[in-house]
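# Working through the structure, step by step
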Amino acid sequence: MRSADYVIKRVLFAVVTVFVAVTLNFVLFRAVPGDAVSALRCRACTQQFKEAERRELGLDKPLVAQYWLYVEGLLHGNMGSSLRTEQPVLGELWVPIANTMPMVILGTLFSIVIGILVGVTSAWRRDTLLDKTGLYTALGFYSMPTQWLGLLMVFFVAGAIHLPTSGIRDPTLGLLTHASTWAVIVDRLRHMALPSITLGLSLYGEYALITRSAMLETLGEDYVLTARAKGLRNLPIVWAHGFRNALLPIITLVALSLGTIIAGAITVEYVFSYPGIGLATVEAIDQRDWPVLQAIFLLLTLSVIVFNLVADLLYVKLDPRVVDQ
Amino acid sequence: MNGSGPLLEVQGLHVWFDLAGGRELHAVQGIDFDLGPGERMGLVGESGCGKTTAILAIMGLLPPSASAAGHVLLNGMDMYEAGEDSVRPHRWRDIAMVFQGAMNAFNPVRRIVDQIVEPMELHEIAEGRAARVRAGDLLELVGISARQASRYPHEFSGGMRQRAAIAMALACGPKVLLADEPTTALDVMIQAQVLELLTGLTRELGLSLILVTHDLPIVAQTCDRAAVMYAGKIVESGPTEDLFHTPRHPYTRLLFSATPDLYGRGEVISIPGTPPRLDREVLGCAFAPRCDMAFEPCPSVVPRTLPVAPGHGARCHLNDPAMRSAS
Ligand SMILES: Nc1ncnc2c1ncn2[C@@H]1O[C@H](COP(=O)(O)OP(=O)(O)O)[C@@H](O)[C@H]1O
Ligand SMILES: [Mg+2]
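Residues numbered from 1 in each chain as written. Chains lettered and ligands numbered in written order. Predicted model: local features only at pLDDT ≥ 70, side-chain atom pairs only at ≥ 80, totals over all residues. Heavy atoms only, no water.

Turning our attention to the overall build of chain B. Tallying secondary structure elements over chain B gives 11 helices and 12 strands in all. Along the first, second and third principal axes, the C-alpha set of chain B runs to 70 × 45 × 45 Å. Here chain B, with 327 residues, has 54% of them falling under the buried criterion. Considering only contacts within chain B whose residues lie at least 6 apart along the sequence, 65% involve residues at least 24 apart. When the accessible surface of chain B is split by element, carbon and sulfur atoms take 52% of a total near 14000 Å². When the 28 basic and 37 acidic side-chain charges of chain B are each reduced to a single mean position, those positions are 3 Å apart. (Helix = DSSP H or I, 4+ residues; strand = E, 2+ residues; numbered from the N terminus. Buried < 20%, exposed > 50% of the residue type's maximum accessible area, 1.4 Å probe, protein only. Contact = heavy atoms within 4.5 Å. Areas by Shrake-Rupley, 256 points an atom, 1.4 Å probe, with all protein chains shown as cover. Lys, Arg positive; Asp, Glu negative; His and termini not counted. Charge placed at Lys NZ, Arg CZ, Asp CG, Glu CD.)

Put into structure tokens, the structure is as follows:
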């Protein structure tokens, strides 16, 4: 019953946050000097064309009316049309999002698994050579600029294991002979490999450091001493008691960083010319295509809110104390 | 297992902690004692004198920064020589513990009952439903309704958690129970209840008990025997009655007058001065600077433990006729 209260509270909070985010997103794009049309990159555009364009976008109306139009559109899943292609924004963004998702999920899983393994091992073998090696390697990757790491991968790793360094598919695949589904999947995975690994390497350091410090804290708790006194072996002590409790701070921080991963993917996609949401963002900025940009901003914000909500809800499952606070 | 002889023997136990800068802290400086079946011994001394460290050394639970020397024999098995794999099956089954500040002895994300059942299943004392029933019985034994067994630790009050910790310590029917200041964090009334419970249970179940406290009157009410620790050494040990009525070390005498009794009556007169630092070697008797009866040899000659009565020994030059006549 009390946990239901907690869930309702968190969901309401998320809904309010979404509303605030939508509003801020609206304000942000109106606060820039000039408007969308004046920023359009077309020297040949006539004044009449620009006026017509303004009317079509509703930019001639008062701000409040524009705001309601915007919110109403969102409620209908309408985020406007791209200035460049004149197609609905959501349809435009659908393909890049679908491209980015599996790459980011793969990279994130990779970083979480490696980060947690390194962090737990480091904490458990504290101050040994193993700990120091793990710690400094993690710190190294953590502080390495992502684009630089990406370039290292292109120059030194890609050639050695014959992985493609750009794009998302082999353009010749299926041209001459029919390609099986399996061959297509393998081709996609091969193109995803380097961006995913680069993303994973640039993220795992943070998770390793967080896990290590959370584990050091829990391993020093009295209940871990109790577990040892009871005669438990090291492995169950480290995982069932130590890690189980370290999970709480880890989840919070992972959720926080997940929200920014998509933003982080921008660099990786740029380096590997991977046609995902990151590349789409760069393009939209380049073209001053503000409806697309506005939609991307909103989606990024929403993903942060959703990940935080998921973390909050996981807490109910993981920590009996949160409900009673 | 051999039936006769002491259950637990501690011989020449030393513990050092590595400190930053390569220095060492000699926390336990050679302590010896035996504990027979059903015997209750108090281990007393001001805070910082090495009681917890000694208990953890006996349990083999010292942190990696510590090194220990000496012998701890459980039922004749040398725990330090046997190695962790041979000792592990005896943990909680033969020797269990109630930790100092047992408030945090429970994992906050697991139910109380699961944590009591955990060692039972580990050591194959009971399993599944039977184990849960046994856990409920143990909780009833310490005055907690079995219906509360599936609560989480944060839902218990401090006193309840402490009692639950005792129930958890009894889970595998241990022969020896080490209780490290089991009542310090509790208020006086609840302290009395928990202590009564602890002594009552050890009597009923025939457990051997080491009760660590800095409160000597509590020991007088609870234990057959007591050892007084000061600066890492046992300075006096013997039957509680003897220690209470005829202390043979000035520290023991002062400790008695320094603590109020169980119900908070009596004056608190603390012993002037502070215990010496343990990270450098102490010349002579460590208590000499605070002693109201110190004489010539005390600051320079380390006193040996001398028998002063049957089963009663003290580490003080006052009991050494040779020293007294020399000065
Ligand atoms: N982990 C540790 N590292 C370094 N010194 C310690 C550690 N634990 C205890 N000590 C030191 O050992 C001495 C004895 O401490 P302790 O056994 O906790 O005393 P008591 O339980 O009698 O209060 C103290 O001087 C304390 O500072
Ligand atoms: Mg202590």
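Further remarks concern the environment of Ser213(A). Residue and element names in this part refer to chain A. Secondary-structure assignment places Ser213 in helix α7 (residues 181-219). What makes Ser213 partly exposed here is its relative accessible area of 43%. For Ser213 and Ser166, which are 47 residues apart along the polypeptide, the C-alpha to C-alpha distance reads 37 Å.

The subject of this paragraph is the sheet that holds strand β2 (residues 24-35) of chain B. Residue and element names in this part refer to chain B. Here we have 4 strands laid out as an open sheet, ordered β2-β1-β4-β5, and antiparallel in their pairing. Two strands in the sheet have a free side with no partner beyond their single neighbour: β2 and β5 (77-78). Inspection of the sheet shows strand β1 (residues 8-18) paired to strand β4 (residues 66-74) by 8 bridges, in the antiparallel sense. Bridging across to β4, Leu8 finds its partner in Leu74. Here helix α1 (residues 51-59) sits on the sheet in contact with β1, β2 and β4, set at roughly 115 degrees to β1. (Pairing = 2+ DSSP bridges. Axes fitted to C-alpha atoms, helices over the stretch in contact; angles between N-to-C directions.)

Residues and elements named next belong to chain B. The 8 strands lie next to each other as β6-β7-β8-β3-β9-β10-β12-β11, forming an open sheet whose pairing is mixed. Either end of the sheet is taken by a strand with one partner, and the two such strands are β6 (95-98) and β11 (306-309). For this sheet, the mean inter-axis angle between neighbouring strands, taken without regard to orientation, is 20 degrees. The sheet contact formed by strand β3 (residues 40-44) and strand β8 (residues 208-213) spans 5 bridges and is parallel. Within β8, the residue paired with Gly42 across the bridge is Leu211. Against the sheet, α1 contacts β3, β6, β7 (176-180), β8 and β9 (225-230), and its axis sits at roughly 150 degrees relative to β6. Across the sheet, helix α6 (residues 158-169) lies against β6 and β7, angled at about 175 degrees from β6, the strand it touches most.

Attention now moves to the pattern of salt bridges. Residue and element names in this part refer to chain B. Taken as a whole and judged by the stated rule, the model has 19 salt bridges over all chains. For Lys51, the salt bridge goes to Glu181, with nearest N and O atoms at 3.9 Å. Here Glu181 lies in the loop between β7 and α7 (188-205) and Lys51 lies in helix α1, a separation of 130 residues in the sequence. The class of Lys51 is buried, set by a relative accessible area of 4%. (Salt bridge = Lys/Arg side-chain N within 4 Å of Asp/Glu carboxyl O.)

The next point concerns the confidence of the model for chain A. Considering every residue of chain A, the mean pLDDT works out to 88; 96% of them sit at 70 or more. Considering each helix and strand of chain A separately, the mean pLDDT is smallest for helix α2 (residues 47-57) of chain A, with a value of 77, and largest for helix α8 (residues 222-230) of chain A, with 95. (pLDDT = per-residue confidence, 0-100.)

The geometry of a pair of packed helices is captured by two quantities: the angle between their axes and the separation between those axes. Residue and element names in this part refer to chain A. It is at 10 Å that the axes of helix α1 (residues 2-31) and helix α11 (residues 290-318) come closest, and there the two elements cross at 165 degrees. Here α1 lies roughly antiparallel to α11, going by the angle between them. Pair α1 / α11 crosses with right-handed handedness. Split by residue class, the contact of α1 with α11 holds 20 nonpolar, 5 polar and 3 charged. (Parallel < 35°, antiparallel > 145°, perpendicular 65-115°, else oblique. Left-handed = near helix turned anticlockwise from the far one by under 90°. Nonpolar A, V, L, I, M, F, W, Y, C, P; charged D, E, K, R; others polar.)

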